[in-house]
Amino acid sequence: MRIIHSLSELRAALKGEASTVFVPTMGNLHEGHLSLVREARRHGGPVVVSIFVNRLQFLPHEDFDRYPRTLARDAEMLEAAGCDIVFAPDEAELYPVPQVYKVQPPAALADLLEGEFRPGFFTGVCTVVMKLFQCVQPAVAIFGQKDYQQLKVLSAMAEQFAMPIQVLGAPTVRAGDGLALSSRNGYLGQTERQEAVALSQALAQLAQGARVPGSSLAALEQAAADGLRERGWMPDYLTLRRRNDLLPPTDAERLAGEPLVALGAARIGQTRLIDNLEL
Ligand code: PAF
């Protein structure tokens, strides 16, 4: 496995390669990321994993500075998982001048849910992923379904720009108690870590009520949020949406079996967690 920091070296290493499989990350890797790498391996081409903590997708009060940079440990894990190239540019390499050209995703998909609570987040994500796609020029790119809305926004971006890249989602990996693996779980204290599974449980409760005749969507969502609040959480949203456009389903759609997803984001202590559950 090679660790490459410069764009020119990356381009030289991938010259003429048409089947690269790409897994973009911000490092501080866990089993969830490694499952993406293993999935990438199955596609046959060389596997490139990027590690880049992207300033553009953090709000000023968010954890950009304290986001763990753990390249040596990440590289060991990636080598064991079958990665061929780690692309780990520094900020000066990826943003040699201020990045004034940006990719603005449509408000209808990007200004709701995460976009409502983290304004500009998806512009930052789309901009860096567009740039990373230009650097790596992959045939396939794999993202975790845990970041459900991110996966939707990026798939739509690749499609709208007619990028010759197949954007794929891979299932969320969970700890034994059901907590979705996330780099941010590392911020949780011991008691918070024990409590953290309550988010996925609240989503399961929401999902359970979703198809019940006579149920009210607003009441279901309120009950799920109140349940978390009573346990000391600060929920941003707990909501049921249509899978295809992330908009609220009508009652008729809910009861007729429209594919739905329960999505949630909530803060426990200082740590904001997100999760989702398809139904
Ligand atoms: O999901 C992430 O880790 C990041 O949002 C991504 C896709 C690597 C872009 O910085």
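Caption draft 1: View of the packing of aromatic side chains. Enumeration over the complete set of coordinates arrives at 7 aromatic pairs. Relative to Y237, the ring of F117 has its centre 5.9 Å away and its plane inclined at 35 degrees; by these criteria the two rings are tilted. Taken together, the residues span a long stretch of sequence, with F117 in helix α6 (residues 114-117) and Y237 in strand β7 (residues 234-242) at a distance of 120 residues. The exposure class assigned to F117 is partly exposed, which follows from its relative accessible area of 31%.

Caption draft 2: A look at the sheet that holds strand β9 (residues 271-278). Within the open sheet, the 3 strands sit side by side as β7-β8-β9. Their pairing is antiparallel. Each edge of the open sheet is held by one strand with a lone partner, namely β7 and β9. For this sheet, the mean inter-axis angle between neighbouring strands, taken without regard to orientation, is 10 degrees. Where strand β8 (residues 260-268) meets β9, 8 bridges bridge the pair, whose relative direction is antiparallel. When the bridges of β9 are listed, R267 appears paired with R272. Helix α11 (residues 217-230) contacts β7 and β8 of the sheet and is inclined by roughly 150 degrees relative to β7.

Caption draft 3: Geometry of the side chain of N54. As for its placement among the helices and strands, N54 is situated in the loop between β3 (47-51) and α3 (71-81). Within the structure, N54 has its side chain in polar contact with the side chain of Y95 (distance 2.6 Å). Discounting residues that sit within four places of it in the chain, N54 has contacts with M26, F64, Y95, G124, V125 and V128.

Caption draft 4: Expanded view of unusual backbone geometry. We note that N28 has phi near 55 degrees; this positive angle belongs to a residue other than glycine. Inspection of the secondary structure puts N28 in the loop between β2 (21-25) and α2 (31-41). Positive phi, close to 50 degrees, is recorded for L113, a residue that is not glycine. Relative to the elements of secondary structure, L113 occurs in the loop between α5 (107-110) and α6. The buried category is assigned to L113, whose relative accessible area is 4%.

Rules and cut-offs
Residues numbered from 1 in each chain as written. Predicted model: local features only at pLDDT ≥ 70, side-chain atom pairs only at ≥ 80, totals over all residues. Heavy atoms only, no water. Phe/Tyr/Trp six-rings, centres within 6.5 Å; stacked < 30°, edge-to-face > 60°. Helix = DSSP H or I, 4+ residues; strand = E, 2+ residues; numbered from the N terminus. Buried < 20%, exposed > 50% of the residue type's maximum accessible area, 1.4 Å probe, protein only. Pairing = 2+ DSSP bridges. Axes fitted to C-alpha atoms, helices over the stretch in contact; angles between N-to-C directions. Contact = heavy atoms within 4.5 Å. Polar contact = N/O pair within 3.5 Å; in protein donor to acceptor, adjacent residues only side chain to side chain.

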